[in-house]
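These are the residues of each chain, in order.
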Amino acid sequence: NTFTREIDVARRAYIAALENVVKEETRKGNLEVAQKIKNEVIYLRRIDLIRLIDPKKDAVSGLWEVENGVLLVTAVNVAKLQVPVTPPRDYQLDVSVERVSGNDIFVLGLVVKDQQCMVGLDAYGGKASGLEIVDGIGLGSNKTSHAGPLLAEGKSCQIVCVVKETSVTLTVDGQKIFQTDLGSS
């Protein structure tokens, strides 16, 4: 896994070099070339987070493993895993998740404005989902709250979290669950 992390460092350096080429080509007026390189940068910025995870090092609690490129966790009271990545200020997190059994909350940890926060899906036995603590109010009652379950048992769900400097948008299976402005403070 150390080798994988070294590859990630090299990839970031390559992306930074390409971004400099985009600036230079734009300055020269070669907008078509700049756009092609910019599209390549967008593609290269995608990171397969599972490749970076070492369950033995990154598990906070629970029994985690990676099998055939799939992250698995054995059912326990609380399972937590910290992904060894510091995201940029603006990013998109795409997650494919399948609930095998139960109706416990599924949480995605995010970083917004250099602060950790979380999106909870199917909290309170599947009764509410949303961003945890907005304006001091929990996910069951704040402006991001969504009533009802989102993760059906035995069905793969596509979760997309788009994080901008002052906003978070959550989409599940193409349905926008919330988009919230967190202000500039």
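The rules behind these values
- Residues numbered from 1 in each chain as written.
- Predicted model: local features only at pLDDT ≥ 70, side-chain atom pairs only at ≥ 80, totals over all residues.
- Heavy atoms only, no water.
- Helix = DSSP H or I, 4+ residues; strand = E, 2+ residues; numbered from the N terminus.
- Buried < 20%, exposed > 50% of the residue type's maximum accessible area, 1.4 Å probe, protein only.
- Contact = heavy atoms within 4.5 Å.
- Areas by Shrake-Rupley, 256 points an atom, 1.4 Å probe, with all protein chains shown as cover.
- Core = buried A, V, L, I, M, F, W, Y, C linked by side-chain atoms within 4.5 Å.
- Pairing = 2+ DSSP bridges.
- pLDDT = per-residue confidence, 0-100.
- Disulfide = S-S within 2.5 Å.
- Axes fitted to C-alpha atoms, helices over the stretch in contact; angles between N-to-C directions.

1. Concerning the overall build of the protein
Okay, so step 1: Each helix and strand in the protein was counted, giving five helices and twelve strands.
Okay, so step 2: Summarising its shape, the C-alpha atoms of the protein cover approximately 55 × 40 × 30 Å along the three principal directions.
Okay, so step 3: A buried classification covers 30% of the 185 residues belonging to the protein.
Okay, so step 4: Counting only contacts in the protein whose residues sit at least 6 apart along the sequence, the fraction spanning at least 24 positions is 43%.
Okay, so step 5: A total of about 11,800 Å² of accessible surface is found on the protein, and carbon and sulfur atoms cover 52% of it.

2. Regarding the nonpolar core
Okay, so step 1: With 21 residues, the main nonpolar core has Leu110, Val119, Ile159, Cys161, Leu170 and Val172 as its most contacted residues.
Okay, so step 2: Among the secondary structure elements, those contributing two or more residues to this core are strand S5 (91-98), strand S6 (106-112), strand S7 (115-122), strand S10 (156-164), strand S11 (167-172) and strand S12 (175-181).
Okay, so step 3: In contact with Leu170, not counting residues within four places along its chain, are Val119, Ile159, Val160, Cys161, Gln175, Lys176, Ile177 and Phe178.
Okay, so step 4: Within the second largest apolar cluster, seven residues are counted, among which are Leu18, Ala34, Ile37 and Leu44.

3. As for the sheet that holds S6
Okay, so step 1: Across the sheet, which stays open at both edges, the four strands sit in the order S6-S7-S8-S9 with antiparallel pairing between neighbours. The sheet is open, and its two edges are formed by S6 and strand S9 (146-147), each paired on a single side.
Okay, so step 2: Across three bridges, the pairing between S7 and strand S8 (residues 128-132) is antiparallel. From the neighbouring strand, Gly120 faces S8, where its bridge partner is Gly130.

4. Thoughts on the pairing of strand S3 (residues 70-73)
Okay, so step 1: Both strand S2 (residues 64-67) and S3 contribute to a ladder of four bridges, which runs antiparallel. Residue pairing for S3: Val66 is matched across the bridge by Leu71.
Okay, so step 2: Hairpin geometry of S2 and S3 is characterised by an intervening segment of two residues between the two adjacent antiparallel strands and by a positive phi of about 55 degrees at Asn68.

5. Observations regarding the confidence of the model for the protein
Okay, so step 1: For the protein, per-residue confidence averages 87 on the pLDDT scale, and 96% of positions sit at 70 or higher.
Okay, so step 2: When the elements of the protein are averaged for pLDDT, helix H2 (residues 31-44) gives the smallest value, 85, and S11 the largest, 94.

6. Things to note about the state of the cysteines
Okay, so step 1: Applying the stated criterion across every chain yields a total of zero disulfides.
Okay, so step 2: Left without a disulfide partner, Cys117 is nearest to the cysteine sulfur of Cys161, which lies 8.9 Å away.

7. Looking at the sheet that holds S5
The strands that make up a sheet are held in pairs by hydrogen bonds between backbone atoms, and each pair lies either parallel or antiparallel.
Okay, so step 1: Pairing is antiparallel in the open sheet, where four strands are placed in the order S5-S10-S11-S12. A strand with exactly one partner marks an edge of an open sheet, and here the two such strands are S5 and S12. On average, each strand axis in the sheet is inclined to that of its neighbour by 10 degrees, with strand direction left out of account.
Okay, so step 2: Bridge analysis of S11 against S12 gives six bridges, and the strand direction is antiparallel. Paired with Leu170 across the two strands is Phe178, which belongs to S12.

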